[in-house]
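Summary of structural features
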Amino acid sequence: MPEHPTAFSNDTAFLVGTAPRTTAETVALLTESWFRRQPWAGSDIKALVIRDGHALNVTVCVPALAGHLSSSAEFEDVVSHTAQELTNQLLGRLPGPVTVVCNTRNSRTGPLSGQYFTVSGSAIDYGEDGLVGRGNARSGLITPGQQAGNEALFGKNPAYHVGKVGGWLVDEASRTLAEQAGPCRIAVMWRNGSTYPEPASLDITTTHPDPAHEQLVRDALRRTDWVPDLVDNQRYLPTVVPAAELLAELDPPTRP
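Rules of the game
- Counting from 1, residues in each chain are numbered in the order their sequence is written.
- At least 70 in pLDDT is required for a residue's local features to be given in this predicted model, at least 80 for side-chain atom pairs to be given and counted, and no such filter applies to totals for whole chains, interfaces and linings, which use all residues.
- Side-chain figures throughout are based on the complete set of non-hydrogen atoms in the structure, without hydrogens or water.
- Confidence scores per residue from the predictor, reported as pLDDT, run from 0 to 100.
- Helix and strand assignments follow DSSP, with helices taken as H or I runs no shorter than four residues and strands as E runs no shorter than two, numbered in order from the N terminus.
- Any helix carries an expected span of 1.5 Å times its number of residues minus one.
- Should any heavy atoms of two residues lie within 4.5 Å, those residues are counted as being in contact.
- Relative accessibility decides the category of a residue: with a 1.4 Å probe and only protein chains considered, values under 20% of the type maximum give buried, values over 50% give exposed, and everything between is partly exposed.
- Side-chain rings of Phe, Tyr and Trp, where Trp is taken by its six-membered ring, are said to pair if the distance between their centres is within 6.5 Å; with planes under 30 degrees apart they count as stacked, over 60 as edge-to-face, and otherwise as tilted.
- Whether a charge lies above a ring is judged from NZ of Lys or CZ of Arg, which has to be within 6 Å of the ring centre and within 35 degrees of the ring normal.
- When DSSP finds at least two bridges between two strands, those strands are taken to pair.
- All axes are obtained by fitting lines to C-alpha atoms, using only the stretch in contact for helices, and the reported angles, taken between N-to-C directions, cover 0 to 180 degrees.

1. Quick word on the confidence of the model for the protein
- For the protein, mean pLDDT is 89; residues scoring 70 or higher make up 91% of the total.
- Considering each helix and strand of the protein separately, the mean pLDDT is smallest for helix α3 (residues 106–109), with a value of 52, and largest for strand β7 (residues 184–190), with 97.

Following this line, the structure appears as structure tokens:
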């Protein structure tokens, strides 16, 4: 609009972008994707990944869809088989030990308590709608080891709301910086009315800090092409990343 020639934040917000995904983050997404490929598995799959040095411990909660399995014993068999397949894939790609366990409630409170059978594929069968959940982050991950922002993404207007536009900007800025500087974290605070390239505060964390990084990030924050990506490309539409793509991220780098 003539009175607003520069894009600006419509509210006070703090947003954080990181790139690239860590190994633990990739494994979490891969675990969901790996189980979602199974015809008997529902959608309410949650994966907890704990890294201790090079060792990874993965805990999965996975439901079965009614009508696909005939017994509790069959459920136990297919879950264990799928977990072992995933374990083998990870052991072939990662430098340390890997443990994958499923539906762990079963081991503590009785032989049938971990039998998660559903009609819908989720806990909505039991009256839990899960609209907010534990995070609903742009990445599809809940990352307590990473600094987090204060803005939710979903439900925000993709044309102007800082919760969505600012998230896109910091994600693009961190992706751009990571291509040149390696793993990075960008934390941005905007006041209501701040122009996006001139936030109230900007914090950049890289392995090897360089004064040139700030200009690179500010250039990314000047971008105004978010609407096609957010709307037409449905950038943040909740989705399951293909397992093959995630496995490729974990493949050891090839040497000439």
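Let's pick the thread back up.
2. Some words on helix α2 (residues 72–91)
- Between its first and last C-alpha, α2 extends 28 Å over 20 residues, near the 28 Å set by a 1.5 Å rise per residue.
- Close packing links the buried residues of α2 with α1 (23–36), β4 (64–65), β5 (98–102), β6 (117–118) and α7 (243–250).

3. Quick word on the environment of Pro197
- Relative to the helices and strands, Pro197 is located in the loop between β7 and β8 (201–206).
- Judged by its relative accessible area of 13%, Pro197 is buried.
- The sequence separation of Pro197 and Gln38 amounts to 159 residues, and the corresponding C-alpha distance is 45 Å.
- Residues within four places of Pro197 in sequence aside, it is in contact with Arg218, Leu221 and Arg222.

4. Notes on the packing of aromatic side chains
- Considering all chains together, one arrives at 4 aromatic pairs under this definition.
- Aromatic side chains Trp40 and Phe75 sit 6.3 Å apart centroid to centroid with 75 degrees between the ring planes, which places their arrangement in the edge-to-face category. Of this pair, Trp40 sits in the loop between α1 and β2 (46–52) while Phe75 sits in helix α2, and the two are 35 residues apart along the sequence. The exposure classification of Trp40 matches that of Phe75, with both residues buried.
- On the numbers, 5.9 Å between centres and 75 degrees between planes, the contact of Tyr196 with Trp226 is edge-to-face. Linking Tyr196 in the loop between β7 and β8 with Trp226 in helix α6 (residues 226–232), this pair joins segments that are 30 residues apart in sequence. Assigned by exposure class, Tyr196 and Trp226 land together as buried.
- These aromatic residues form a ring-pair network of at least three members: Trp40, Phe75 and Phe117.
- When the ring centre of Trp34 is taken as reference, the NZ or CZ atom of Arg37 above it lies at 4.0 Å.

5. Digging into the pairing of strand β3 (residues 55–61)
- Of the two faces of β3, the one lined by Leu56, Val58 and Val60 is fully buried and the one lined by Ala55, Asn57, Thr59 and Cys61 carries no buried residue.
- With 7 bridges connecting them, β2 and β3 associate as antiparallel partners. Across the sheet, the residue bridging to Asp52 is Ala55, located in β3.
- Where β2 folds back onto β3 in an antiparallel hairpin, the turn is made up of 2 residues, including Gly53, whose phi is positive at roughly 65 degrees.
- When β3 meets β5, the two strands line up parallel, connected through 5 bridges. Along β5, the bridge assignment pairs Asn57 with Thr99.

6. A short note on the sheet that holds β7
- Taken in spatial order, the 3 strands of this open sheet run β1-β7-β8, and their pairing is antiparallel. The open sheet has two edge strands with one neighbour each: β1 (13–19) and β8. Here the strands of the sheet are splayed against their neighbours by 10 degrees on average, with no regard to which way each runs.
- Bridging between β7 and β8 involves 6 bridges; their strand directions are antiparallel. Note on β8: the bridge partner recorded for Ile186 is Ile204.
- In this fold helix α4 (residues 162–181) packs onto β1, β7 and β8, with an angle of close to 30 degrees to the strand it touches most, β1.
- Against the sheet, helix α5 (residues 212–221) engages β7 and β8, with an angle of about 125 degrees to β8.

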